[in-house]
Amino acid sequence: RAQVNTDHMMRVGRNALYFSDYVLSIQYFNQVVSAKPYLYEPYFFRGLAKFYLDDFVGAEADCTEAIVRNPFVVDCHQLRGLARVNQGKFSEAIGDYRNALRHDPENEGLWHNLALCYANLKDYDAAIGVLDTVARIVPGYTPVLNMRAQVFIQKGDTLAALADLETSLKINKYDSEVYATRALVYLQQERYEDAETDLTYAIHLHPKSSYYINRALTRYYRQELRGAMSDYDLALDIEPNNVLGHYNRGLLRAQVGDD
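Definitions and limits used
- Residues numbered from 1 in each chain as written.
- Predicted model: local features only at pLDDT ≥ 70, side-chain atom pairs only at ≥ 80, totals over all residues.
- Heavy atoms only, no water.
- Helix = DSSP H or I, 4+ residues; strand = E, 2+ residues; numbered from the N terminus.
- Expected span 1.5 Å × (residues − 1).
- Buried < 20%, exposed > 50% of the residue type's maximum accessible area, 1.4 Å probe, protein only.
- Contact = heavy atoms within 4.5 Å.
- Polar contact = N/O pair within 3.5 Å; in protein donor to acceptor, adjacent residues only side chain to side chain.

A. Broad picture of helix H10 (residues 158–171). With 14 residues, H10 ought to run about 20 Å at 1.5 Å a step, and its terminal C-alpha atoms sit 20 Å apart, in line with that. Among all positions of H10, only Thr158, Ala160, Ala161, Leu162, Asp164, Leu165, Ser168 and Leu169 are buried. The inward-facing, buried residues of H10 contact helix H9 (142–155) and helix H11 (176–188).

The structure is reproduced here in structure tokens:
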């Protein structure tokens, strides 16, 4: 009677995890860890539950325990990488993604996150190199082209960014994010009318508060203050707690004398 049926506990814990009852699932995984501390799975799934609870430190620690027990499971490295990214530990996350890619070299998500880590460290050449690799592995994969364009923008190479965005639009002309990103390039180039056109189409495809805020910026530069104010209003209708929207609208109201 004193024995714990760990297989049953794992099943129940994973069911609780599936239905987003993270605290309950952790309790079941705790029992499995106590009964069979040499298994990697209860540590991994407990780490996943902690990750969903925003306990990134706990998730990292559990993933480390899982990797000690079985270093060949890609998901353990990937989850620990995500936990570290959320803590700003980009250099450590790079190590996790590199280890995961040794076992799963064609996983686009791992390459994408690896490039993101390099970009956050401002190592833009390394990020572009990673994205070049993904582009060779998966030709025509538009998220890679879009991300590489964003890295080129951060690097200040707007011509290369535009080339990637144009290629992406030839593959899929209904991706709102691409139009919004191209609008940012046009903003840097002071092509405000082109930027507004792209953002208007992005809003038509997928209304997002960030698109309205950026279009308000293009309208501000074109001295269309009434249109800019309307865009800030629409952005805050969609996302009432958007700090940038409130701040920019406040600046605009100060400028037009609406104290």
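Now that the structure is up, let's keep going.
B. Structural context of the environment of Lys36. Position of Lys36 among the secondary structure elements: in the loop between helix H2 (22–35) and helix H3 (41–52). Residue class for Lys36 comes out partly exposed when judged on its relative accessible area of 28%. C-alpha separation for the pair Lys36 and Thr6, spaced 30 residues apart in sequence, amounts to 7.8 Å. For Lys36, the side chain forms a polar contact with the side chain of Thr6, separated by 3.2 Å.

C. Region of the structure containing the environment of Thr64. In this fold, Thr64 is placed in helix H4 (residues 56–69). A residue is classified by how much of its surface remains accessible, and Thr64, at 27% relative accessible area, is partly exposed. For the pair formed by Thr64 and Val256, sequence separation is 192 residues and the distance between their alpha carbons is 56 Å. Side chain to side chain, Thr64 and Arg80 meet in a polar contact 3.1 Å long.

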